[in-house]
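An overview of the molecular structure
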Amino acid sequence: MFDPVLTWAARRYQAAVATELKKYGLRYEDLYDPLLNMDIDEAIHRLPQDVVDARMQRLKRAVDCSLKKSYLSKEIQDMQTPYSWYLKDTWAEVRAENTEKALLGTGKDYDRSFP
């Protein structure tokens, strides 16, 4: 009953998020914080160096635009691909490894607790 409405709303929301990400030249996965999620941190460490460098460049450019209170030019915004995934497969591997380690009872290689 609500499925068509939710699908429509989800597409509208994704379009709105994509518009905001394009303004700063970011991808959706750039918003994941490796300090809060150790699996994300491990997945980023496993990525090739050129992918990590591109991610850091996008984040620096976004911070620069934000501090200057400006957006990228329309031409550059049109070239952006906010839903181009680069971290999803590696993150899935890390989660699968952690699940397997939990089933074996060995635990994670890393653990962080926040006070």
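Every residue gets a number counted from 1 within its own chain, in the order that chain's sequence is written. Only residues with pLDDT of 70 or above have their local features reported here, since the model is predicted, and side-chain atom pairs are shown and tallied only from 80 upward, although totals for entire chains, interfaces and linings are computed over all residues. To get the side-chain values, all heavy atoms of the structure are used, and hydrogens and water are removed first.

A look at the overall build of the chain
- Strands here mean DSSP runs of E at least two residues long; helices mean DSSP runs of H or I at least four residues long; both are numbered from the N terminus. Each helix and strand in the chain was counted, giving 5 helices and 0 strands.
- Reading the chain from its N end, one meets helices and strands in the order α-α-α-α-α.
- Its C-alpha atoms give the chain a radius of gyration of 18 Å, more than 25% over the compact-globule value 13 Å for 115 residues.
- A principal-axis box enclosing the C-alpha atoms of the chain has dimensions of 50 × 45 × 30 Å.
- Taking all 115 residues of the chain together, 26% fall into the buried category.
- What makes two residues a contact is simply this: any of their non-hydrogen atoms within 4.5 Å. If you take every contact in the chain between residues at least 6 apart in sequence, the share linking residues at least 24 apart comes to 77%.
- Summing over all exposed atoms, the chain offers an accessible surface of approximately 8500 Å²; the carbon and sulfur share of this is 58%. Atoms considered for the radius of gyration are the C-alpha atoms alone. The globule rule reads 2.2 Å times the number of residues to the power 0.38. Only protein chains enter the accessibility calculation, which uses a 1.4 Å probe; a residue whose area is less than 20% of its type maximum is buried, one above 50% is exposed, and one in between is partly exposed. Accessible surface is estimated by sampling points in the Shrake-Rupley manner with a 1.4 Å probe; for residues, cover comes only from the protein chains shown.

A few points about a nonpolar patch on the surface
- Candidate patch residues must exceed 30% relative accessible area and have no salt bridge, after which like charges are joined if within 9 Å and Val, Leu, Ile, Met, Phe, Trp or Tyr side chains if within 5 Å. We define a salt bridge as a side-chain nitrogen of Lys or Arg found within 4 Å of a carboxyl oxygen belonging to Asp or Glu. Judged by side-chain polarity, Tyr28, Leu31, Tyr83 and Trp85 come together as a nonpolar surface patch covering roughly 380 Å² of accessible area.
- Tracing the backbone shows Trp85 in the loop between helix H4 (74-79) and helix H5 (88-104).

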